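Single-letter residue listing:
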Amino acid sequence: MAYRIEHPTISRIVWWLLGVGFVLLLIQLMRRSSSDAINEQHFNATLDQLLLPRWLSSVGHDQIAYFLIKELSTQGFTTTYDEVWNELPYTNVVGIMNPQAKQFLLLSCHYDSKYLDTSEEYVSATDGAVSCAILLNMAKKLNYFLHNEFAHNPDLGLVLVFFDAHDSVDGYVDSTLPLLGSKGFVKAETVSLRQIRLVISFNLIGAPDQIFMSKYQRTYKLHERLADIEQELRTSGKLSDCHQLFHKLKDHDNDIADDHYAFLEKDIPVMHVVPYTYPEVWLQETDNLQHLHWPTIRNMNIIITQFVYEYLNDVAFRTL
Ligand SMILES: *[C@@H]1O[C@H](CO)[C@@H](O)[C@H](O)[C@H]1NC(C)=O
């Protein structure tokens, strides 16, 4: 049956309302896409700073440590660093929000790259750089929340750690990971271990075809929440067109060595956001900007930001 509006005045009002609604919707869409673009510009500019050869004792390494401290201070974090001598000095860069809090959520990545004797141009994009840029971009997007509501939270603080000496020390070129930065952090208790509620370490993100599974039973519920968040964001149209990243699957006997190992040994709950398989470009010169998979990076950025926001904001969520 055809629907007709008989009365000319009513019809005019309906059209007027529709018009206003449409304009409001357009404004909203434009606002969102311009803030998305600004956020991505920050991500790109950050990544650009990180994509240098940066093995321990290289020029790029020290330049990046300095950049990280500067960026964290600009964002209003209390910054500190561990400087440890182990033939060469290595430096973990640490940023803290709510340093007086009783407990902390600790998020980590590593900023050094491996020294490859086959390539001087190796910038180790998925191996560290993208994850570090994701953490800084997340903090930037949550900046208003972190400095307002969250700043008055006596119970919980946020720690970002950019570990050093993950990949190479003194020109090691074999495939074992020294992971000295995280071992040193745990030993020195730069943040008191009994105050750390959860550690999430991020690595190897940004290649095509990656999927992410749970690595530890103890944090499986939190992993499920990541998968649900991805689903919710996709349903509400907030994600880029990309395959599903987080799966409610348990890969509990098969982790990839990373900086959370030192915390795991101390019985602290950990999550490892790492793909099921190594990127194809792993430890090759081609692990660079040109080979990154942007839909994965964009969606990961949005999902992680939402997860961290919920974790910091919602008491019930933290007891999962
Ligand atoms: C960020 O960098 C990627 C890859 O170079 C590019 O495709 C994208 O358009 C950039 N985004 C912005 C907002 O400049």
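Residues numbered from 1 in each chain as written. Predicted model: local features only at pLDDT ≥ 70, side-chain atom pairs only at ≥ 80, totals over all residues.

In the nomenclature of an unreviewed UniProt entry, the protein corresponds to glutaminyl-peptide cyclotransferase from the organism Drosophila hydei. On record in UniProt, under Sequence similarities (unreviewed entry), the comment for the protein is "Belongs to the glutaminyl-peptide cyclotransferase family." Of the comments in the UniProt record for the protein, the one headed Catalytic activity (unreviewed entry) reads "N-terminal L-glutaminyl-[peptide] = N-terminal 5-oxo-L-prolyl-[peptide] + NH4(+)". (UniProt positions renumbered as here; feature names shortened; annotations may be inferred.)

Chemist: So what's going on with helix 6 (residues 220–235)? Residues and values would help.
Modeler: Taking 1.5 Å as the rise per residue, helix 6 with 16 residues should run 22 Å; its terminal C-alpha atoms sit 23 Å apart, in good agreement. Buried positions along helix 6 lie against strand 6 (212–214), strand 7 (246–250), strand 8 (270–273) and helix 8 (294–313). Trailing helix 6 by a residue or two, G237 shows a phi angle of about 75 degrees, which is positive. (Helix = DSSP H or I, 4+ residues; strand = E, 2+ residues; numbered from the N terminus. Expected span 1.5 Å × (residues − 1). Contact = placed C-beta atoms within 7 Å.)

Chemist: Please set out the site of the ligand residue by residue, giving values where relevant.
Modeler: Inspection of the region around the ligand gives A37, E40, Q41, N44 and W294 as its neighbouring residues. Looking at which element gives the most residues to the shell around the ligand, the answer is helix 1 (residues 8–50), with 4 residues. (Near = placed C-beta within 6 Å.)

Chemist: Could you give an account of the pairing of strand 4 (residues 156–163), naming the residues involved and the relevant values?
Modeler: Across the 8 residues of strand 4, 7 count as buried, placing the element largely inside the fold. As paired strands, strand 2 (residues 88–97) and strand 4 are joined by 5 bridges and run antiparallel to one another. Note that in strand 4 the partner of M97 across the bridge is L158. For strand 3 (residues 103–110) and strand 4, the ladder comprises 8 bridges, and the chain directions are parallel. Note that in strand 4 the partner of C109 across the bridge is F162. (Buried ≥ 20, exposed ≤ 12 C-beta atoms within 10 Å, placed from the backbone. Pairing = 2+ DSSP bridges.)

Chemist: Can you explain the pairing of strand 7? Please cite residues and give values.
Modeler: In terms of strand pairing, strand 6 meets strand 7 through 2 bridges, oriented parallel. Across the sheet, the residue bridging to S214 is K250, located in strand 7.

Chemist: Can you tell me about the nonpolar core, naming the residues and giving the values?
Modeler: Considering soluble globular proteins, one finds that nonpolar side chains tend to be buried as a cluster. In terms of nonpolar packing, the biggest core is built from 76 residues, with V130, C132, A133, I134, L135, L160 and F162 touching the most fellow members. In terms of residue count, helix 3 (residues 125–141) provides more of this core than any other element does, 10 residues in total. If near-sequence neighbours (up to four positions away) are discounted, F162 is found in contact with L68, N92, V93, C109, Y111 and C132. (Core = buried A, V, L, I, M, F, W, Y, C linked by C-beta atoms within 7 Å.)

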